[in-house]
Amino acid sequence: MDTKPFELGRTNSDPDDWINSTVDITVNILNHRNKTKNDYSKESMRVNDLITRELLGRCIWKYSEAFGKFKGCPFWSIKAYNFYVSQKSKSTALVAKNLRHEHTFPQILLIKKMWNLKNPTKKIIRDLYDKYAIATVVTKEENLKLNSSAVGLRSETISDSNIWLRYNNKKIVIKLMQNPLKNIFYNYHIKQMKEAKVI
């Protein structure tokens, strides 16, 4: 088995720095929102929420990319993995054209969970991010199918308690590769992945 897709994508930085920074920034964004939301008019708060949602979305992205957006991402569909290892050139443009870093739990649903927190702490956000703020490398076609109206999972989930059912349900089946490297994201999710029968 070629382990290259699972090897660290950012060799010049520590994944823990990305993880800790995104958690810290998220807590600050949420606490600021909670402290100031009564200071805004209805229209101003609508604009504030749009901006806050975008900032939280970027934090989720950066957390899910802690080990790498493509190379280094702990989760790969079999089709995405096969495409990646079959390419002689691993150019960023080629990878980005054919593969997607797909959020296994829709960002908007995680943002709603965070908005409902009365007193967000680093521990609470880290727990939420560990459970929900991860992504899987899938092919462009798999991503389009997930987001299609026939499957309807662009901003929906099958289950909050097992996010991996997104890839194995009545409407779509996406099988994943087993990650041979020790990765904290992968190890956290392996039990639920097996329960969802995606590996």
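Remember, it's a predicted structure, so these values are computed and weren't measured experimentally.

> Looking at this model, I keep getting lost on the side chain of Arg33. Mind explaining?
Within the fold, Arg33 resides in helix α1 (residues 15–36). Discounting residues that sit within four places of it in the chain, Arg33 has contacts with Met45, Asp49, Thr52 and Trp115.

> Even after reading the chapter, I still don't get helix α7 (residues 140–147), so can you show me in this structure?
Residues spaced three or four apart along an α-helix face the same direction, because each turn holds 3.6 residues. Taken together, the buried positions of α7 are occupied by Glu142, Asn143 and Leu146. All buried residues of α7 fall inside an arc of 100 degrees around its axis, so they share one side. Exposed positions of α7 whose direction lies more than 90 degrees from the buried face are Glu141 and Leu144. Its buried side turned inward, α7 meets α3 (78–86), β1 (99–103) and β2 (135–139).

> Looking at this structure, how should I read the pairing of β1?
On any regular strand, side chains alternate: one points to one face of the sheet, the next to the other face. For β1, a buried count of four out of five residues is recorded, marking the element as mostly surrounded by other parts of the structure. Bridge analysis of β1 against β2 gives five bridges, and the strand direction is antiparallel. By the bridge assignment, His101 is partnered in β2 with Val137.

> Before we go on, may I ask you to explain the pattern of salt bridges in this structure?
A pair can form between side chains of opposite charge whenever their charged atoms are brought close. Within this structure, the stated rule accounts for nine salt bridges. Residue Arg10 is joined to Glu65 by a salt bridge in which the shortest nitrogen-to-oxygen separation is 3.5 Å. Here Arg10, found in the segment before α1, pairs with Glu65, found in the loop between α2 (42–64) and α3; they are 55 residues apart in sequence, far enough to count as distant. Judged by its relative accessible area of 5%, Glu65 is buried. Residue Glu102 is joined to Arg166 by a salt bridge in which the shortest nitrogen-to-oxygen separation is 2.6 Å. You can see Glu102 sitting in strand β1 and its partner Arg166 sitting in the loop between α7 and α8 (184–195), a full 64 residues away along the chain. Residue Glu102 is classed as buried on the basis of its relative accessible area, which comes to 6%.

> It is not clear to me how the packing of α1 against α2 should be interpreted in this structure. Could you clarify?
For any two helices packed against each other, one specifies the crossing angle of their axes together with the interaxial distance. Where α1 meets α2, the axes come as close as 9 Å, and the angle between the chain directions of the two elements is 165 degrees. Taken together, the axes of α1 and α2 lie roughly antiparallel to each other. Considering how the two elements wind past one another, α1 and α2 form a crossing that is left-handed. Taking contact as the criterion, the partners of Trp18, Ile19, Thr22, Val23, Ile25, Thr26, Ile29, Leu30 and Arg33 in α1 are, on α2, Met45, Asp49, Thr52, Leu55, Leu56, Cys59, Lys62 and Tyr63. Among the residues forming the contact of α1 with α2, the class breakdown is 11 nonpolar, three polar and three charged.

> Can you walk me through the side chain of Asn168 in this structure?
Topologically, Asn168 is positioned in the loop between α7 and α8. Here the side chain of Asn168 touches Ala196 through a polar contact of 2.7 Å, landing on its backbone oxygen. Once you skip the residues sitting within four places of it in the chain, Asn168 turns out to touch Val173, Lys175, Ala196, Lys197 and Val198.

> Help me understand the pairing of β2 in this model?
Counting buried positions along β2 yields five of five residues, so the element is predominantly enclosed. Burial of the side chains of β2 extends over both faces: Ala135, Val137 and Thr139 are buried on one face and Thr136 and Val138 on the other.

Rules behind the numbers
Residues numbered from 1 in each chain as written. Predicted model: local features only at pLDDT ≥ 70, side-chain atom pairs only at ≥ 80, totals over all residues. Heavy atoms only, no water. Helix = DSSP H or I, 4+ residues; strand = E, 2+ residues; numbered from the N terminus. Contact = heavy atoms within 4.5 Å. Buried < 20%, exposed > 50% of the residue type's maximum accessible area, 1.4 Å probe, protein only. Arc of directions from axis to C-beta. Pairing = 2+ DSSP bridges. Salt bridge = Lys/Arg side-chain N within 4 Å of Asp/Glu carboxyl O. Axes fitted to C-alpha atoms, helices over the stretch in contact; angles between N-to-C directions. Parallel < 35°, antiparallel > 145°, perpendicular 65-115°, else oblique. Left-handed = near helix turned anticlockwise from the far one by under 90°. Nonpolar A, V, L, I, M, F, W, Y, C, P; charged D, E, K, R; others polar. Polar contact = N/O pair within 3.5 Å; in protein donor to acceptor, adjacent residues only side chain to side chain.

Take it as geometry only, folks, not as evidence of what the structure does.
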